[in-house]
Amino acid sequence: MTTAPRRDDPASGRSRTTMKQVASLAGVGVKTVSRVVNNEPNVSATTTERVWNAVRALNYHVDLAAGNLRRADGRSRTIGLLVGSVDNPFAAAIHRAVEDAALHHSVAVFASSLDDDATREEGAVSAFMRRRVDGLILTTTQQPTYLTTLRDRDIPAVFVDRVPPGLDLDAVSSDNQAAAARATAHLINHGHQRIALLTDRLSIQTAEERRRGFLEALGEAGIPTRLATIVTELHDEETSRAALGRLLDSETPPTAVFSSQNLVTIGALRALRERGLQNEIALVGFDDIPLADLLVPGVTVIAQDPQQIGQRAAELLFDRLGGDRGPAQRVTVPTRLIERGSGEILAPAS
C-alpha cells in the first residue's frame, strides 16, 4: 500500500507538497499528474480520479504562476462561451445572460467568436480546454469533432442556437423552421407571392432550417417552390444590401422580402431606402434589430429571446457542474412575431 507523504505545514517550515509526492500517492508518474492537472487528453477516467484524490488528500496547490488555474478540487471557476460573433446583438445578449448567471456562481466567463469558421471554432475550444475551463456553452458551425475529447475529460457542454444533429446533447435553441414558416405565411396572408428569401450560407444549420420553413409556407399556400427566389451566402449588411438591390432592379422584383438574420435585415433596409421602396416592398426580418420600432415603417420581425436562450443554457451547464447526470435536455425557447408595419404592406393589385 502506498503511504501518503506528509502534507504542507508552513508553520513548521517544511516545504510545500510537490507533484512528485502526488504522483507517489496516486501510483502514477509525474508526467501523468502534470497531464491531469493541466487537463490534457488521453488519461483514463480511473487514473484521473486517482490523481485528483491524491491532490485533495495532500492539499496540493498547483503553482498559479506556472499557468495552472485548477484548484485542489479540480475546478477552475471558469467556463468558456463560444458565440457566432461577440459584436452581433443576438450573440451579445446571450453573452450577457450567461455572464449574469455565472456571476451568481462566482464563475468567470471566457468568451470568443467563431465567425462561422470551423477552424476557428476548433481553435477556440482547444484554447478553452488549455485554460482548464469547467464547462462550455457553444455555438457550432457543423458537426463538432471535439465531442469525444470533452467526454473523455468530463467537461460538460451545452449548445446554443445551433444543435449538432443526431447527437444526445444538451442544447437550447429557437424553433427556426416553424418561425420562418410563420414569417413567410404572414407575408402570403398580405397578398404576396413573389417573396424573396435573403439568407446566410446553407451550411449553417439555422440558415438551412429557416430556408425549409420558407419553402414549407410557400408549398402550403400553393405557391410553386421551384420558382422561389432564394439568395444565399449573405453574412453581413453589405452583401445583403447588394443582393437585394440587384433583385429590386430586375424585371420581376419581389413584392416582399424575408430576411433570415439580423445583419441581413439591416442590409435589406438600406437597399429599400436607397430606392425609396420602404413603403412599397414588404419586409419581415428574423431577429429583432436596434431601433426597429422607430423607423417608418417600423420593422416587422420574428423576435428570438437571446436572453432566455443564454439563461437557460447557463442553468443547464451549472446543473451539470453540480452533479446532474440525467438525460440530455433539448430546450426550445419560443419566438414572437412583432408586427410594426413593414410586414403588413399589402401586395400590389394584379
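Everything below is about the structure printed above this text.
Just so it is clear, the structure is predicted and the values come from calculations on it, not from any experiment.

A. Region of the structure containing helix α7 (residues 176-188). End to end, α7 covers 18 Å across 13 residues, agreeing with the expected 18 Å (1.5 Å per residue, within 8%). Elements in contact with the buried residues of α7: β6 (195-198), α8 (205-220), β8 (256-259), β9 (282-286), β10 (300-303) and β12 (336-338).

B. Region of the structure containing the pattern of salt bridges. For the structure shown, the criterion picks out 16 salt bridges. The shortest N-O distance in the salt bridge between Arg-120 and Asp-115 comes to 2.9 Å. A salt bridge links Asp-154 to Arg-325; its shortest N-O distance comes to 3.5 Å. Here the residue Asp-154 occupies a position in the loop between α6 (147-152) and β4 (157-160), and Arg-325 occupies one in the loop between α11 (306-321) and β11 (330-332), the gap between them amounting to 171 residues. Residue Arg-325 is classed as exposed on the basis of its relative accessible area, which comes to 64%. Residues joined in a network through salt bridges with shared partners are Glu-238, Arg-241, Asp-249, Glu-274 and Arg-275.

C. Expanded view of the sheet that holds strand β1 (residues 78-83). Across the sheet, six strands lie side by side as β2-β1-β3-β4-β5-β11; this open sheet has parallel pairing. The sheet terminates laterally at β2 (108-113) and β11, the two strands that pair on one side only. On average, each strand axis in the sheet is inclined to that of its neighbour by 15°, with strand direction left out of account. Here β1 pairs with strand β3 (residues 135-138) via four bridges, running parallel. Of the residues in β3, the one forming a bridge with Leu-82 is Leu-138. In the packing of helix α5 (residues 118-130) onto the sheet, contacts are made with β1, β2 and β3, and the angle to β1 comes to roughly 170°.

D. A look at the side chain of Ser-113. Mapping Ser-113 onto the fold places it in strand β2. The class of Ser-113 is buried, set by a relative accessible area of 9%. In terms of polar contacts, Ser-113 uses its side chain to reach the backbone amide nitrogen of Val-86, at 2.9 Å. Sequence-distant contacts of Ser-113, that is, excluding residues within four places in its chain, are made with Leu-82, Val-83, Gly-84, Ser-85, Val-86 and Arg-120.

E. Quick peek at the environment of Arg-131. Of note, Arg-131 is situated in the loop between α5 and β3. For Arg-131, a relative accessible area of 39% translates into the label partly exposed. It is 8.7 Å that separates the C-alpha atoms of Arg-131 and Thr-78, two residues lying 53 residues apart in sequence.

F. Seen up close, the packing of aromatic side chains. Applying the stated criterion across every chain, the model contains one aromatic pair. A ring pair is formed by Phe-258 and Phe-286, whose centres lie 6.5 Å apart and whose planes are at 50°; its orientation type is tilted. In this pair, Phe-258 is assigned in strand β8 and Phe-286 in strand β9, connecting sequence segments 28 residues apart. Assigned by exposure class, Phe-258 and Phe-286 land together as buried. Across the ring face of Phe-286, the terminal group of Arg-210 is positioned such that the distance to the ring centre comes to 3.8 Å.

Thresholds, definitions, all that
Residues numbered from 1 in each chain as written. Predicted model: local features only at pLDDT ≥ 70, side-chain atom pairs only at ≥ 80, totals over all residues. Heavy atoms only, no water. Helix = DSSP H or I, 4+ residues; strand = E, 2+ residues; numbered from the N terminus. Expected span 1.5 Å × (residues − 1). Contact = heavy atoms within 4.5 Å. Salt bridge = Lys/Arg side-chain N within 4 Å of Asp/Glu carboxyl O. Buried < 20%, exposed > 50% of the residue type's maximum accessible area, 1.4 Å probe, protein only. Pairing = 2+ DSSP bridges. Axes fitted to C-alpha atoms, helices over the stretch in contact; angles between N-to-C directions. Polar contact = N/O pair within 3.5 Å; in protein donor to acceptor, adjacent residues only side chain to side chain. Phe/Tyr/Trp six-rings, centres within 6.5 Å; stacked < 30°, edge-to-face > 60°. Lys NZ or Arg CZ within 6 Å of the ring centre and 35° of its normal.

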